[in-house]
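Observations on chain architecture
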Amino acid sequence: MKVFRLTGLLAVLTLSLLAAGLLFFAQAPTTAPVAKQDTKPLKISHPTIPLLDAKGVNVIKSNAPISTRKTCGRCHDYDFITDSFHFQQGRAERGNPELLKAHGISPFNVTPGMYGKYSVIPNRQLAHLGIKSPDDFDMGTADWLLHCGVCHTGGGISEFDSENRKYGTVPEKDIDPLDRDYHVRDAKTGKVVAWDWKKSGYTEGDCFLCHVPKANRGARRERVATGDFRWANNATLVGSGIVKELEDGSLYYVKSAFNKDGTVKPDVLDLSDPTLGNCAQCHGFSAHYETNIQPIQNKDILRGTEKVGWIYDGAKISDTVHPNIVDKDKMDYPWDVHASKGLICIDCHFAPNNPGRKQQMDLKKNLRYKPKGEDIAAYLRRPDHNFARGSIPPETVNMTRHFTMRGCEDCHVADKIHKFLPYRRQHLKKLACQTCHIPKVNFWAYRSVDWGFLMNTGTSRITFRGIDGDIVDPDSKIFGYYPTYIPTKNEHGDTEIRPTNLITGIDWFDKDKGRPVFTWQVQQALFEGRESDGTWIYRPEVVKLFGDEDGFIDIPQAVYDKPEKVALVKSLLQKYAGIKNPELRITVVPWAMSHSIVGGKQAIKECTVCHSSNSILHRPIKLNDVAPKNVPVYYGGKRINVVSYASDGPRFNNKALLSGFYIIGNSRVFWIELLGWLFVLGSLIFVLVHGALRLIVGGKS
Amino acid sequence: MTPLEPMYSLHERIWHWLQALAMILLILTGFSMHYAGRFTIFGGMKGDVLWHSWIGFFLILNALLGIFYHFTADKYHHYIPRMDDFTTGAIKQIKFYLFGIFKGEKHPMETDPRKKLNSLQKLTYLGLLGVLIPFQIVTGVMMWGATRWPEAFAKVGGMKVLAPAHTLGAYLFLAFIIVHVYLTTTGNTPFALLRAMITGYQTPKSERE
């Protein structure tokens, strides 16, 4: 009985243990392998589409150029999209002198945008409508497209004339003899000639340039620069697997890229949001992680890099393989902190009506974010291509959407991360974030572009800052450069100090016509002809005065360092170019810096960097090797003298510009200092003299 | 030997020396900011800025306590000039400093516990306590409060007006301190006045004569 009892007890215990064990394992967290997380960002696939030509026929059948109006316009509002700035470039604001005046833009400009506004860099001027003399014609629309059309994305300017008539459809009899839309100034003959739009074709909006990751700007450039506007958009797809170029230069469609139903294989076209690479093609060197910095691509210097030395790259500067960055080992931080965090352009410069991104409202009203945004379908039909942006000098371009972008303070709570800063709010109000977060640009950028005297290529004398040597020479040492500072208005209407690069132009101005002298007119004045290889031949009197002993005029000699040189070219402009009243001018143009941002560790934190007698805020940055003295200086469209002459060349003097700021430790009011020190020294002298007399006289002491 | 007579109470002396210390530190930190990068008092401009603000507020507090004390202890009248202080009194005192002192003449207004300040001192302190200190306090507080009261700050012209005005005041303070320290040597002996402000006692008028 006892044995039975014991056995029973053991059995019960064993069963209990088994049950407890089962229960434990049943409740224990599963140790089954978790599905590996896909780190690749999800991407919404664009539906497969057929590529259609201008007649709506599938290009695979017609072999005609792709019409984005027909192809993309099936679902997206093509006219709405191409009415935006990337396509119009200011064309929409043409013929509006009041608008120009309101923005302080000289009336000789045609528009306030890139299409029609003078810039010291190219020194070309779009002709006004209704001009009567070829002497008033510098550049026609086709001229503009030949030079600028590679970046400016088709549609708008490239498709319609100033009266919104499609190019190639206007009868010859209806065309004005000097209509800028139908004429160009021939580069070889210098004559104003008609442009054959039927031969060149026109370019519709190039959606591929921004929405196909493998977009080929180089191939597009070849087409645009040679006047083959018709096939420019097809050229953008060369290399994508859809379009190939034959040896004879013609383009054909690769059949294997298309499905049987005529649509393009989605993985080949890969339509997507604009990538960093898409924007970089035109705007400035940008990459997620790139140790070979190539700011010259497809024969062009990327614009943002050219103007301010912008390198938007997540790689550390110290990792740079090419080019030769001096002291790079000391720079163990990324070229741009935002790039290193994976931010791409559209994170801040988004389509304002994209419901997936923040919609910033009028800050003067109470609504900062509108939760009930646009319907996704409505957005996809009409995505606003006037992208969110800031408003920084020079105010040359888009007149709309100022301060709509995601700015620094939309992501960063500046108040919290700047607790170390005395008078924090005052600093944050008076200084743009970039002022401390771009302490130095570690690359080169334009310094001066002088069209006032031309090299024997017939073009300007260009100098760079931040580099010792040629920008294409891999051995050139890149020292980088320090910014200079100017006041600008921010989104709250406050004037703040912001870092910039300065590009100085030395140009002739036609005082009677109230416009800059055209480059072809300066060519007429300086040169007597051209060699068979295209080299321009200087007039003997020019060589005599400007040339060195060997009779050549090299970059160091091509400057106005003597009044006689100015007088000579002035007389030549009068004699050969018929300009009665030419005036040499210095124009200083600031280009604001927004990229190449460093993080907190590298940002300026030491007070005396700004608050001292040698404050960086008044850094006398060198403007050029030489600049003529006693000539008018223009800054921001106004005659303001911002140049002081040092022994080694002209320097920027921003004292007048920053006169609205009192920078403790740097600013001085002369009479306050004078009066103050008179009181102090007067007291000391009184004490010394009085004390000495008391000792000498031996009176009451 | 006649015992020393009490001249300055403990409260007065503490008030005076705290005020002096605060003013000297304010001048030093102020000029370290004005001439930033050349010298520093509290380890750098940031330290100088922070200490300048705190010391400034301490000075205000000390000034208020001083006013409270002088009124409640009925000592404010020492600082109130009479009409003749502006005219004959001041002229006499100036004449003494410019001429009489070299001839060993008797001080025209010997001080005692009931009349602690001569006419020139009364006028100087009227300017200092009635004008210069309030002026420095107002301009300094407005600069400190620029982000707290931006409208008021902007109305008076912002930093462009306030900072130079405050700087001019600082120069005047420095000039005052130089002369003030020097004039402490014009007592019965070179350190008599200084000793009085430290110990609180001075030689009686009868002993000085």
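See above for the structure.
Described below are features of the structure shown in this document. The structure presented is a predicted model; accordingly, all values stated were derived computationally and were not measured. (Residues numbered from 1 in each chain as written. Chains lettered and ligands numbered in written order. Predicted model: local features only at pLDDT ≥ 70, side-chain atom pairs only at ≥ 80, totals over all residues.)

Concerning the environment of T305 of chain A
Residues and elements named next belong to chain A. Inclusion rule: By definition, any uninterrupted DSSP run of H or I lasting at least four residues is a helix, any uninterrupted run of E lasting at least two residues is a strand, and each is numbered from the N terminus. Buried means a residue has 20 or more other C-beta atoms within 10 Å of its own C-beta, exposed means 12 or fewer, and partly exposed covers the counts in between; C-beta atoms are placed from the backbone. Distance between backbone-placed C-beta atoms decides contact: two residues are in contact if it is within 7 Å.
In this fold, T305 is placed in helix 14 (residues 303-308). You can call T305 buried: it has 29 C-beta atoms within 10 Å. Between the alpha carbons of T305 and W444 there is a distance of 7.8 Å; along the sequence they are 139 residues apart. Setting aside its immediate chain neighbours within four residues, T305 contacts G284, F285, P295, W310, I311 and F443.

Overview of the nonpolar core
Residues and elements named next belong to chain A. Heads up, the condition is: What makes a nonpolar core is a set of buried Ala, Val, Leu, Ile, Met, Phe, Trp, Tyr and Cys residues, with links drawn between C-beta atoms within 7 Å.
Counting 91 residues, the largest nonpolar core has A445, L526, V569, L573 and V588 as its most contacted members. Those residues in contact with L526, other than ones at most four positions away along the chain, are L454, Y538, R539, V542, V569 and L572. Listed in part, the 49 residues of the second largest apolar core include L52, Y167, V212 and Y253.

Describing helix 13 (residues 276-283) of chain A
Every buried residue of helix 13 of chain A is accounted for by L276, N278, C279, A280 and Q281 of chain A. Packing partners of the buried residues in helix 13 of chain A comprise helix 9 (207-211), helix 10 (217-225), strand 5 (285-287) and helix 16 (345-348) of chain A.

Side note on helix 4 (residues 119-144) of chain B
Residues and elements named next belong to chain B. Rules: The span expected for a helix works out to 1.5 Å for each residue beyond the first. Here the bend at a residue is taken as the angle between two axes, fitted respectively to the seven residues that end there and the seven that start there.
Taking 1.5 Å per residue as the helical rise, helix 4 with its 26 residues ought to reach 38 Å, and the 36 Å between its terminal C-alpha atoms agrees with that figure. L128 marks the point of greatest bend in helix 4, at about 30°. Within the span of helix 4, buried status applies to S119, L120, Q121, K122, Q136, T139, G140, M142 and M143. Tucked into the core, helix 4 has its buried residues touching helix 2 (45-72), helix 3 (83-103), helix 5 (150-155) and helix 6 (159-183).

Focus on the packing of helix 25 (residues 670-697) of chain A against helix 6 of chain B
Inclusion rule: To get an axis, a line is fitted to the C-alpha atoms, and for a helix only the part in contact is used. The angle between two axes follows their N-to-C directions and goes from 0 to 180 degrees. Oblique is the label for any angle not covered by the other classes, which are roughly parallel (under 35 degrees), roughly antiparallel (over 145) and roughly perpendicular (65 to 115). The nonpolar class holds Ala, Val, Leu, Ile, Met, Phe, Trp, Tyr, Cys and Pro. Asp, Glu, Lys and Arg form the charged class, and all remaining residues, Gly among them, are polar.
Axis separation between helix 25 of chain A and helix 6 of chain B bottoms out at 8 Å; the angle between their running directions is 5°. Judged on the interaxial angle alone, helix 6 of chain B and helix 25 of chain A are roughly parallel. Contacts from I672, L675, G676, W677, F679, V680, S683, L684, F686, V687 and G691 of chain A of helix 25 of chain A reach helix 6 of chain B at P164, T167, L168, Y171, L172, L174, A175, I178, V179 and Y182 of chain B. When its residues are assigned to classes, the contact of helix 25 of chain A with helix 6 of chain B shows 17 nonpolar, 4 polar and no charged.

Focus: the pairing of strand 22 (residues 643-646) of chain A
All names here are of chain A. The condition that has to hold: Any two strands with at least two DSSP bridges between them are considered paired.
Bridge analysis of strand 22 against strand 23 (residues 649-652) gives 4 bridges, and the strand direction is antiparallel. In the strand pairing of strand 23, S644 is matched with R651. In this antiparallel pair of consecutive strands, strand 22 and strand 23, the connection spans 2 residues.

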